[in-house]
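# Notes for the structure review
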Amino acid sequence: MNASGPRRIGSPYLDTAHNRRLAESVAAAVPAVMADYAEPFLDGGAVALRMMHEHPGAVFSLSSPNAEVIATWEAARADVEGVIDAVGRLAAAHSPSAFAALRDQDPDAVSRLPIAERAARFVYLRGTAQPHPLGGPLQEFSGARYGRETVAFDEAKLREFGRLLGEREVRLAVRPLFAALPGIRDDDLVYLDAPEPPPPALTRELRSFVSTVTAKGAFVLAARASAGLAVIAGVDGGEPVWGNPLAVRAVRPVRA
């Protein structure tokens, strides 16, 4: 455990209570010999943040196919006060029409925004859009619908988040799933929280990815069932997680 005590850092934008509970279960299932940490479907980051708190010496390789997610994390690390100021301006002007104008911005124009403004747009839309029909906040906002009269945003939490990123070795990248493989080594921990439900092509990729990571001697923990994974039911009475054979063998027996 980090000597800083029981501090818990939250996501820089709206996340789910389920993901926060899941972070507790994943933390209880982490093998004692864990080396570095990789998460190729970064979203709210509850698990990654818990790992940063408890394993300060690890290298954290966090990636996503979504460039806006990665830009938000990069901005929080580089200019957290700029992000906070930009979110504040958006929150002060919040209305259905302001929401629609930001939602409908041209993607090329969004990619050219100063990074703090680009991150603030993501935080604002994430915290005001109606959730996904299957539950949980959105990552993509095309067609998103106005959902809140106020912006779900915690300035102090974002500031703590930016500070934690500066204290850890965190490598951020926009890339597809298999591009994460070269950096994974023996005894690394890979956490998978793939989109739900995954399209058939991604289901096949996940099966191959888990097999390759296992062959490298790395541990896999996941938020949901996938080929090559077995349930580690209710670790310490919490949310169930799934693991590859290496991770399952490394977890202490689950209490009844």
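Structure: above.
In what follows, the accompanying structure is described. This structure is a prediction, so every number in the text was calculated from the model and none was measured.

## Describing the overall build of the protein
- In terms of regular secondary structure, the protein is built from nine helices and seven strands.
- Computed over the C-alpha atoms, the radius of gyration of the protein is 18 Å, within 12% of the 18 Å expected from 2.2 N^0.38 for a compact globule of 256 residues.
- With the C-alpha coordinates aligned to their principal axes, the bounding extent of the protein is approximately 55 × 45 × 35 Å.
- Burial analysis of the protein (256 residues in total) assigns 48% to the buried set.
- Long-range pairs, those at least 24 residues apart, make up 70% of the contacts in the protein with a sequence separation of at least 6.
- Surface exposure of the protein reaches about 11,700 Å², of which carbon and sulfur atoms provide 54%.
- In the protein, which carries 28 positive and 30 negative side-chain charges, the distance between the mean positions of the two groups comes to 3 Å.

## Looking at helix α1 (residues 17-29)
- Its 13 residues give α1 an end-to-end C-alpha distance of 19 Å, which sits within 8% of 18 Å, the value for a rise of 1.5 Å per residue.
- For α1, the set of buried residues is Asn19, Leu22, Ala23, Ser25, Val26, Ala27, Ala28 and Ala29.

## Here we look at the pattern of salt bridges
- The final tally for this structure, using the stated rule, is 13 salt bridges.
- Residues Glu68 and Arg118 are paired through a salt bridge, measuring 2.8 Å at the closest nitrogen-oxygen approach. Linking Glu68 in helix α3 (residues 67-92) with Arg118 in helix α6 (residues 115-128), this pair joins segments that are 50 residues apart in sequence. Residue Glu68 shares its accessibility class with Arg118, and that shared class is buried.
- For Arg103, the salt bridge identified is with Asp104, shortest N-O distance 2.8 Å.
- We classify Arg103 as partly exposed; its relative accessible area is 22%.
- Here the residues in one salt-bridge network are Glu24, Arg50 and Glu54, joined through shared partners.

## What to know about the sheet that holds strand β2 (residues 59-64)
- Ordered in space as β3-β2-β1-β4-β5-β7-β6, the seven strands form an open sheet in which the pairing is mixed. Whereas interior strands pair on both sides, the edge strands pair on one side only; in this sheet they are β3 (169-174) and β6 (230-232). In this sheet, neighbouring strand axes are inclined to one another by 25 degrees on average, regardless of whether the strands run parallel or antiparallel.
- Across three bridges, strand β1 (residues 37-39) lies against β2 in parallel orientation. Bridged to Ala38 within β2 is Ser61.
- Each of β4 (189-192), β5 (219-222) and β7 (241-243) touches α1; the most contacted strand, β7, lies at about 35 degrees to it.
- Most of the contacts of α3 go to β3, to which it runs at about 150 degrees, and overall it touches β2 and β3.

## Focus: the side chain of Ser63
- Looking at the element boundaries, Ser63 is found in strand β2.
- Judged by relative accessible area, Ser63 falls into the buried class, the value being 1%.
- Excluding residues within four positions of it along the chain, Ser63 makes contact with Glu39, Pro40, Phe41, Leu42, Ile70, Ala173 and Arg175.

## A look at unusual backbone geometry
- Backbone geometry places Asp187, a non-glycine residue, at a positive phi of 70 degrees.
- Assignment of secondary structure puts Asp187 in the loop between β3 and β4.

## Re the packing of α3 against helix α7 (residues 155-167)
- Orientation of α3 relative to α7, taken along the N-to-C sense of each, is 140 degrees, at an axis distance of 8 Å. By the angle class used here, α3 and α7 are oblique. α7 is crossed by α3, and the crossing has left-handed handedness. Of α7, the residues touching α3 (which contributes Trp73, Ala76, Arg77, Val80, Glu81, Val83 and Ile84) are Glu155, Leu158, Arg159, Phe161, Gly162 and Leu165.
- Grouping the amino acids of the contact of α3 with α7 by side-chain chemistry returns eight nonpolar, one polar and four charged.

## Observations concerning the packing of helix α4 (residues 96-103) against α6
- For the pair α4 and α6, the least separation of the axes is 11 Å and the interaxial angle reads 125 degrees. By the angle class used here, α4 and α6 are oblique. Our pair here, α4 against α6, has a crossing hand that is left-handed. Across the interface between the two elements, Ala98, Phe99, Leu102 and Arg103 of α4 pack against Arg121, Tyr124, Leu125 and Thr128 of α6.
- Partitioned by chemical class, the residues of the contact of α4 with α6 number five nonpolar, one polar and two charged.

Conventions adopted
- Residues numbered from 1 in each chain as written.
- Predicted model: local features only at pLDDT ≥ 70, side-chain atom pairs only at ≥ 80, totals over all residues.
- Heavy atoms only, no water.
- Helix = DSSP H or I, 4+ residues; strand = E, 2+ residues; numbered from the N terminus.
- Rg over C-alpha atoms; globule rule 2.2 N^0.38 Å.
- Buried < 20%, exposed > 50% of the residue type's maximum accessible area, 1.4 Å probe, protein only.
- Contact = heavy atoms within 4.5 Å.
- Areas by Shrake-Rupley, 256 points an atom, 1.4 Å probe, with all protein chains shown as cover.
- Lys, Arg positive; Asp, Glu negative; His and termini not counted.
- Charge placed at Lys NZ, Arg CZ, Asp CG, Glu CD.
- Expected span 1.5 Å × (residues − 1).
- Salt bridge = Lys/Arg side-chain N within 4 Å of Asp/Glu carboxyl O.
- Pairing = 2+ DSSP bridges.
- Axes fitted to C-alpha atoms, helices over the stretch in contact; angles between N-to-C directions.
- Parallel < 35°, antiparallel > 145°, perpendicular 65-115°, else oblique.
- Left-handed = near helix turned anticlockwise from the far one by under 90°.
- Nonpolar A, V, L, I, M, F, W, Y, C, P; charged D, E, K, R; others polar.

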